[in-house]
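# Reading the structure
Given next are the chains, with one letter for each unit.
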Amino acid sequence: MVDERSLAAVIVTFNRLEKLKRTIEHTLINRFDLVVVVNNASTDGTAEWLESLEDERLIVLHSEKNLGGAGGFSQGFNHVATELPEIQWLVCFDDDAWPELGAVTQFQELEIPSDVGSVAVAVYLPDGEQISEMNRPSVNPFWHLKKFVGTTLNGRKGFHVGDSDYHGNEVVEVDSSSFVGCFIRVENIRNGAIGLPRSELFIYADDIIYVLESRKAGFRHFFAPSIRFRHDCETLVNQQDVYRPLWKVYYTYRNRLELFRIASGFFYPFVLLIKVPSFFLKFRFYEKSEQRMFFSITARAVWDGIRRDFRKKHHEVLAFSKLKE
């Protein structure tokens, strides 16, 4: 049943103008009420291009500095919640992702109970055929005994939704997903039931942490495979856990430890014993010339993650990584 929910898209961008152009094109041909773009202090002409657009639905927020994905989404969510009272739902995604034609209509046709706070979608690689593994929704195995056992036996496949779930039209209840195509009920932000994304995380895991915290607050999270997005992600190499530039390794592992703490609760010390060594073992996916720096960055990430120290500014991370943006 269609109830014409008011809907705003929230897109965060940083120095990927050509990809952003494609994302905006695909976004504007969908029936969004408003499109909010957070420009994270891009230096590649993004600001000028955005200001040249004339679509009346477009709202552009220019940040004075790069806030990362987490900070950008926090700013965008806050703008929708405080400045756009007519908007009931928002959907967020990166500048290298886009909704397929009809995504808004598919969302309008969903039956969404009042206790559902967010909805994940089916995210594919640009060819529209391969599932984007980094965007595959999951349940928290520490909250579901059967899934916990399945994870012990089958690893990642034990708690992520299966391929068969992508091919049906039935919604599946899950616990977490990425921000690519994540629909969020704005009223839960306005009334303080859930907060804003944690900007201090900068990038990575902020989205899963956000959805998990929403679940802990009592709101259900649906996976709706009938709604399709595409993601032109270059972060992973052949969908493996390889991050370049290397400074991204720091945020990945530091923030994952925070994610594991939230997800595992009492089991967190045991999770550390398994996951921390697995971080360092990723060295084998990097070039020999990168491995020494990889170990150094990973060690800093683990140290800060265990201590829950999120104070480092992005320029500090770049400095000890000896890399530029």
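Predicted, not measured: the structure shown is a model, and the values here were computed from it. (Residues numbered from 1 in each chain as written. Predicted model: local features only at pLDDT ≥ 70, side-chain atom pairs only at ≥ 80, totals over all residues. Heavy atoms only, no water.)

Here the focus is the overall build of the chain. For the chain, the count of helices and strands is twelve helices and nine strands. Over its C-alpha trace the chain gives a radius of gyration of 19 Å, about what one expects of a compact globule, namely 20 Å for 325 residues. In terms of its C-alpha atoms, the chain occupies a principal-axis envelope of roughly 50 × 50 × 40 Å. Within the chain, the proportion of its 325 residues that are buried is 55%. Within the chain, counting contacts between residues at least 6 apart in sequence, those at least 24 apart form 79% of the total. On the chain, roughly 15,200 Å² of surface is accessible, and the fraction owed to carbon and sulfur atoms is 53%. Across the chain, the centroid of the 39 positively charged side chains sits 10 Å from that of the 44 negatively charged ones. (Helix = DSSP H or I, 4+ residues; strand = E, 2+ residues; numbered from the N terminus. Rg over C-alpha atoms; globule rule 2.2 N^0.38 Å. Buried < 20%, exposed > 50% of the residue type's maximum accessible area, 1.4 Å probe, protein only. Contact = heavy atoms within 4.5 Å. Areas by Shrake-Rupley, 256 points an atom, 1.4 Å probe, with all protein chains shown as cover. Lys, Arg positive; Asp, Glu negative; His and termini not counted. Charge placed at Lys NZ, Arg CZ, Asp CG, Glu CD.)

A separate point is the nonpolar core. If you look at the biggest cluster of nonpolar residues, it comprises 32 residues, and the most contacted ones within it are Phe107, Val119, Phe183, Ile227 and Phe229. Those elements giving two or more residues to this core turn out to be β1 (7-13), α1 (17-28), β2 (34-39), α2 (46-52), β4 (89-94), α4 (103-108), β6 (116-124) and β9 (220-231). With residues near it in sequence (within four places) discarded, Ile227 still touches Ala103, Gln106, Phe107, Leu110, Val121, Ala122 and Phe183. (Core = buried A, V, L, I, M, F, W, Y, C linked by side-chain atoms within 4.5 Å.)

Time to look at unusual backbone geometry. Looking along the chain, the bond that leaves Arg244 and enters Pro245 is cis, with omega of -5°. Within the element layout of this structure, Pro245 appears in the loop between β9 and α9 (247-264). At Arg308, a position not held by glycine, the phi torsion is positive, near 60°. Mapping Arg308 onto the fold places it in the loop between α11 (288-307) and α12 (314-321). For Arg308, a relative accessible area of 39% puts it in the partly exposed group.

Within the secondary structure, Phe266 is located in the loop between α9 and α10 (268-280). Judged by relative accessible area, Phe266 falls into the exposed class, the value being 69%. When the C-alpha positions of Phe266 and Tyr210 are compared, they lie 20 Å apart, and in sequence the two are 56 residues distant.

Residues Cys182 and Ile184 line one face of strand β8 (residues 182-185) and the alternating positions Phe183 and Arg185 line the opposite face, and both faces are buried. By the bridge criterion, four bridges tie β4 to β8 in an arrangement that is antiparallel. Residue pairing across strands places Val91 opposite Phe183, the latter belonging to β8. (Pairing = 2+ DSSP bridges.)

Moving on, we get to the pattern of salt bridges. Per the counting criterion, the structure on display carries 22 salt bridges. Across the pair Lys21 and Glu18 runs a salt bridge, and its minimum N-O distance is 3.4 Å. Here Lys21 pairs with Glu18, and both are found in helix α1, just three residues apart, close to one helical turn. Exposure remark for Lys21: the relative accessible area of 29% places this residue in the partly exposed category. Residue Glu18 is classed as exposed on the basis of its relative accessible area of 58%. Between Asp163 and Arg136 there is a salt bridge, with the nearest N and O atoms lying 2.9 Å from each other. Of this pair, Asp163 sits in helix α6 (residues 163-166) while Arg136 sits in the loop between β6 and α5 (145-154), and the two are 27 residues apart along the sequence. The exposure class of Arg136 is buried, given its relative accessible area of 11%. (Salt bridge = Lys/Arg side-chain N within 4 Å of Asp/Glu carboxyl O.)

This part is about the side chain of Ser118. Summarising the element assignment, Ser118 is placed in strand β6. When its relative accessible area of 4% is taken as the criterion, Ser118 is described as buried. Only 2.7 Å separates the side chain of Ser118 from the side chain of His221, close enough to count as a polar contact. When sequence neighbours within four positions are dropped, the list of residues in contact with Ser118 reads Trp89, Cys182, Phe183, Ile184, Val211, Arg220, His221 and Phe222. (Polar contact = N/O pair within 3.5 Å; in protein donor to acceptor, adjacent residues only side chain to side chain.)

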